[in-house]
Amino acid sequence: DFDGDGFDDLLIMTEGDDVIFPGSPGGLLTSYSTAIIQNDYGLNYAVAGDVNNDGFADIISVRDTPSGLEKIIDVYLFDDGSDSFNLHQSIGGKQLRALQLGDIDGDGSLDIITSSYVDDEEDSGIDIHTNDGSATFSLVQTIPEVDPDRLRLMDVDGDDDLDIVMRKTNREAEDDNVLFAFRNTNVAPTAINLSSTTLDEHLPLDTEVATITIDDLNENDEHVISLVTGDGSNDLHNSFFSLNNNSLRVSKDVRYEDTPQLFIYLSVYDGHQTFEQAFVLDVDDVNVAPTNINLSSNSFDEGTAPGSMIATISVDDPNIGDTHTVKLVDGDGTNDADNGLFVIDGNELIITSESNFETKPSYNIYLEAADIDNAIAQAFVLNVNDINQAPTSIALSNTTLDESTAPGTVIGTLSVTDPNDGDTHDLSLAAGDGSNDANNNLFVVNGSDLILIGDVEFNNTPTLNILISADDGDESFEQAFVLTVNEVLGLEDEIENAIGIYPNPGNDRLEINMENTLRGTMSINITDLSGKIIHNYKSEKITDKWIDRLDMTSAMPGIYLVEISIEDQHFVQRWIKSK
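Since the structure is predicted, the reported quantities are computational estimates derived from the model, not experimental observations.

S.K.: Help me understand the nonpolar core, please; the structure alone is not making it clear to me.
M.R.: It is characteristic of soluble globular proteins that their nonpolar side chains tend to be buried jointly. By size, the foremost hydrophobic cluster in this structure holds 20 residues, and its most contacted members are L194, L199, I212, F241, L248, L262 and L281. Of all elements in the fold, only β15 (191-194), β17 (208-215), β20 (247-250), β21 (261-269) and β22 (274-284) reach the threshold of two or more residues within this core. In this view, F241 contacts L199, V209, L227, L248, R249, V250, S251, L262, I264 and L281; residues no more than four positions away in its chain are not counted. Formed by 19 residues, the second largest nonpolar core is a distinct cluster that contains I524, L550, A555 and I566.

This is the structure we're talking about:
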């Protein structure tokens, strides 16, 4: 159907002309047109087919040469624009006897198959010209010495490709003919090619290291490529790679130090036959950047002394043997906020300041590790461990007392400084070195009160040495105090020893002892610190020495005031009832 009207047309080749009779609905061929420029030597025969895949039938014709022996194959392509045929390619040939169009190589384009029949039987044969898809033909195979006369293309073996059937005429007896069938057979691929046989170490996984091409005489075969088992040596590193169609890709981290060469074994299958080939890939030694910075610890205890090492630094680097310089570097202003509180000495991270969990529970630093070519930077958060620290000092609100101070008097109040907010403390007198605790026996500690329990005289002990301990349950701290005794004048003029209370502290019994020259009625009151009267009675003192004993069983433990009045004299002393 040259004119595309849906009806077949008739092409007639003559010695001088070729004409086309177009078909019509009635089947009548009533007119004709010249298709090809007249050739002086005559047109022998032709076939029609769409050899350039443009949807229009083209003409492939055979014409004579001046010698009359050789034939020329002309390829005329139909030009839809000019409604004519134009010469596209001429193929020099032999003394042709037959011409066929067919897709012999299965690529979807029509190929040219010819037979030659010459006087010398050895020069006779079948030629196969394959089409590149644009109607340009190349001779790819000759079947020699078969002396063909006529040929046809058909699938004689049922394998879905075209085979060649030819008739051979006996030159001695022309009525003695033989049919031959040539099967269109597939040959195995002949080579596997890699675009590259070298790769850098430490490539990212799934990186393409080479593209794969296949040498195959069957140009249109489709190929399946696989990594396959070899002899155990030539396939040693198959697991390092994967295939994505014709792309060879790395699937494991490759280290030059471990595997300077990689051995893989590839197979290609064309649907019929298999070809296998071994490859050796060379690994290039590449200096890559370190991959990680490690600290031996990401935390340290509060109170760690400045100048202390808090962690050792190590660097992960795929290049074994690389040395690294580690330093504190600028970050984004947040991840490097505390760089100034640390220094690096070799591979040691050292803190240079005091640390306290309550005021700063964490630190942000930014480190860089560099080898000779590459560097990596990494942020770290260092956490401060909240630990129980010992108290750091004890304070006493008053460190002086008069020599006339009565036993039971609160000399001062104790307070404790402790880094751990909220800690409570047990305060007590502690044993020291014999000097700093020399006068511990003259005092007791009740809660936070330091209480005098003995008599002090300036002439005997102008200073008093005591040692106080503060215990928070886990840690303790001791501090020595020196108390100054003030001298008091004139007490001996009227009463040398006004009153004595024993024992103090005491328990269930209280003894009041007065030894002086006073006489008369004594009024004795014992009250607690709230003013509640515990005892109230009167007694007559008629001698210099007077002693009375009181039962204090019913009194609760605590501090009491003993008030004694006689004549115009009034005395007050404290008495402590212990638990």
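S.K.: Would you mind showing me how to read the pairing of strand β41 (residues 520-528) here?
M.R.: For β41 and strand β42 (residues 533-541), the ladder comprises eight bridges, and the chain directions are antiparallel. Bridge pairing links T527 to I533 in β42. Where β41 folds back onto β42 in an antiparallel hairpin, the turn is made up of four residues, including G531, whose phi is positive at roughly 100°. As defined by bridge partners, β41 adjoins strand β44 (residues 558-566) across seven bridges and the pair is classed as antiparallel. Within β44, the position partnered with S523 by the bridge is S565.

S.K.: Honestly, the packing of aromatic side chains in this entry has me stumped. Any pointers?
M.R.: Aromatic ring pairs: the centre-centre distance and the angle between the two ring planes describe each pair. Evaluation of the coordinates by the stated rule reveals five aromatic pairs. Residues F342 and Y363 carry aromatic rings whose centres are separated by 5.5 Å and whose planes lie at 90° to one another, so their mutual orientation is edge-to-face. Highlighted residues: F342 in strand β27 (residues 342-345) and Y363 in strand β29 (residues 362-370), separated in sequence by 21 residues. Accessibility expressed as a relative area gives 3% for F342, which makes it buried. For Y363, a relative accessible area of 2% gives the class buried. Ring pairs connect the aromatic residues F56, F78 and F85, which therefore count as one cluster. The residue whose ring lies beneath K252 is F240, and the NZ or CZ to ring-centre distance is 5.2 Å.

S.K.: Could you clarify how one ought to interpret unusual backbone geometry in this entry?
M.R.: In the segment running from Y502 into P503, the intervening peptide bond is cis, with an omega of -25°. If you trace the backbone, P503 turns up in the loop between β39 (500-502) and β40 (509-515). For N53, which is not glycine, the phi dihedral falls at a positive 60°. Among the secondary structure elements, N53 is positioned in the loop between β4 (43-49) and β5 (58-64).

S.K.: Which parts of the structure should I look at to understand the sheet that holds strand β31 (residues 393-396)?
M.R.: For sheets, the rule is that strands pair by backbone hydrogen bonds, running either parallel or antiparallel. Spatially, the four strands line up as an open sheet ordered β31-β33-β36-β35, and their pairing is antiparallel. At either margin of the open sheet sits one strand with a lone partner, and together these are β31 and β35 (443-446). Adjacent strand axes in the sheet meet at a mean angle of 30°, parallel and antiparallel pairs treated alike. The pairing of β31 with strand β33 (residues 410-417) spans four bridges and is classified as antiparallel. Bridging from a neighbouring strand, L396 pairs with L414 of β33.

Cut-offs used in this document
Residues numbered from 1 in each chain as written. Predicted model: local features only at pLDDT ≥ 70, side-chain atom pairs only at ≥ 80, totals over all residues. Heavy atoms only, no water. Core = buried A, V, L, I, M, F, W, Y, C linked by side-chain atoms within 4.5 Å. Buried < 20%, exposed > 50% of the residue type's maximum accessible area, 1.4 Å probe, protein only. Helix = DSSP H or I, 4+ residues; strand = E, 2+ residues; numbered from the N terminus. Contact = heavy atoms within 4.5 Å. Pairing = 2+ DSSP bridges. Phe/Tyr/Trp six-rings, centres within 6.5 Å; stacked < 30°, edge-to-face > 60°. Lys NZ or Arg CZ within 6 Å of the ring centre and 35° of its normal. Axes fitted to C-alpha atoms, helices over the stretch in contact; angles between N-to-C directions.

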